[in-house]
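Examining the three-dimensional arrangement
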Amino acid sequence: MSNDPSKRPSWNEYFMGITDLVASRATCVRRRVGAVLVKGKRILCSGYNGAPAHVTHCQDTGCLRKQLNVPSGEKHELCRGVHAEQNVIIQAAYYGIQVKDASLYCTTQPCSICAKMIINAGIKKVYYREGYDDPMTLDMFDQAGVVLVHLRS
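Calculation rules
The numbers attached to residues start from 1 for each chain and follow its sequence in the written order. Selection of residues for local features in this predicted model requires a pLDDT of at least 70, selection of side-chain atom pairs for listing and counting requires 80 or more, and totals for whole chains, interfaces and linings are taken over all residues. Working from all heavy atoms in the structure, the side-chain values ignore hydrogens and water. In this scheme, a residue with accessible area under 20% of its type's maximum is buried, one over 50% is exposed, and one in between is partly exposed, where area comes from a 1.4 Å probe on protein chains only. By definition, any uninterrupted DSSP run of H or I lasting at least four residues is a helix, any uninterrupted run of E lasting at least two residues is a strand, and each is numbered from the N terminus. Strand pairing is defined by DSSP finding a minimum of two bridges between the two strands. Axis definition: a line fit to C-alpha positions, over the contact stretch in the case of helices; interaxial angles, taken between N-to-C directions, run 0 to 180 degrees. For every residue, the predictor assigns a confidence score, pLDDT, that lies between 0 and 100. Comment on the angle field: the value is read as roughly parallel under 35 degrees, roughly antiparallel over 145, roughly perpendicular from 65 to 115, and oblique elsewhere. Two helices cross in a left-handed way if the nearer one is turned anticlockwise from the farther one by less than a right angle. They cross in a right-handed way if the turn is clockwise. Any two residues whose heavy atoms approach within 4.5 Å are treated as being in contact. Polarity classes work like this: nonpolar for Ala, Val, Leu, Ile, Met, Phe, Trp, Tyr, Cys and Pro, charged for Asp, Glu, Lys and Arg, and polar for all others, with Gly in that last group.

A word on unusual backbone geometry. The backbone phi angle of Asn69 is positive, close to 55°, even though this residue is not glycine. The exposed category is assigned to Asn69, whose relative accessible area is 67%. Not every positive phi belongs to a glycine, and Asp101 is a case in point at roughly 70°. Relative to the helices and strands, Asp101 is located in the loop between α4 (84-94) and β3 (103-108). Since its relative accessible area comes to 40%, Asp101 is described here as partly exposed.

Think of a sheet as strands paired side by side through backbone hydrogen bonds, with each pair either parallel or antiparallel. Across the sheet, 5 strands lie side by side as β2-β1-β3-β4-β5; this open sheet has mixed pairing. Every interior strand has two partners, whereas the edge strands, β2 (42-48) and β5 (147-150), have only one. Ignoring strand direction, the axes of neighbouring strands in this sheet form an average angle of 20°. Here β3 runs beside strand β4 (residues 125-130); their pairing, made up of 5 bridges, is parallel. Note that in β4 the partner of Tyr105 across the bridge is Tyr127.

With that out of the way, let us pick up the confidence of the model for the protein. Confidence along the protein averages 92 in pLDDT terms, with 98% of residues attaining 70 or more. Per-residue pLDDT, averaged within each element of the protein, yields its smallest value for helix α3 (residues 64-67) (82) and its largest for strand β1 (residues 34-39) (98).

Interhelical geometry of α4 versus helix α5 (residues 112-121) gives an angle of 30° and a closest axis separation of 9 Å. Comparing their axes, α5 and α4 come out roughly parallel. Between α4 and α5 lies a crossing of left-handed hand. Contact residues: α4 offers Glu85, Gln86 and Ile89, while α5 offers Ile113, Cys114, Met117, Ile118 and Ala121. The residue inventory of the contact of α4 with α5, partitioned by class, reads 6 nonpolar, 1 polar and 1 charged.

As structure tokens, this is what we get:
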């Protein structure tokens, strides 16, 4: 994104910049991820990764996956946190916001668990900046017709 005040950011730069700000609220000790749902150039909802509402944050309890040296992308069931992509879909459902045909901006490429939710929520396009080694996501998005766009910094 340009620091020149006379240059407006592109829509992708704008939404990804907001996604970065959302990620700054994350409480995960291993990775900060933000997600923003957009439809018709309007923000529908946002989410970041961390423990569920009213549950002690991982910053306070410690990270079991980190303590056990679990590699990234493995044994998701050991994590207390909810992924940013999951949280944005949950928040939309909680507040009755329809996400069908929306686009998702996410700081990190979704994992296969989130990919399943994205597909079933009817989200059609996913923009991300940072890669994530999960070939199943790529295969499922391809089969379901979800467009995955890597926005490079």
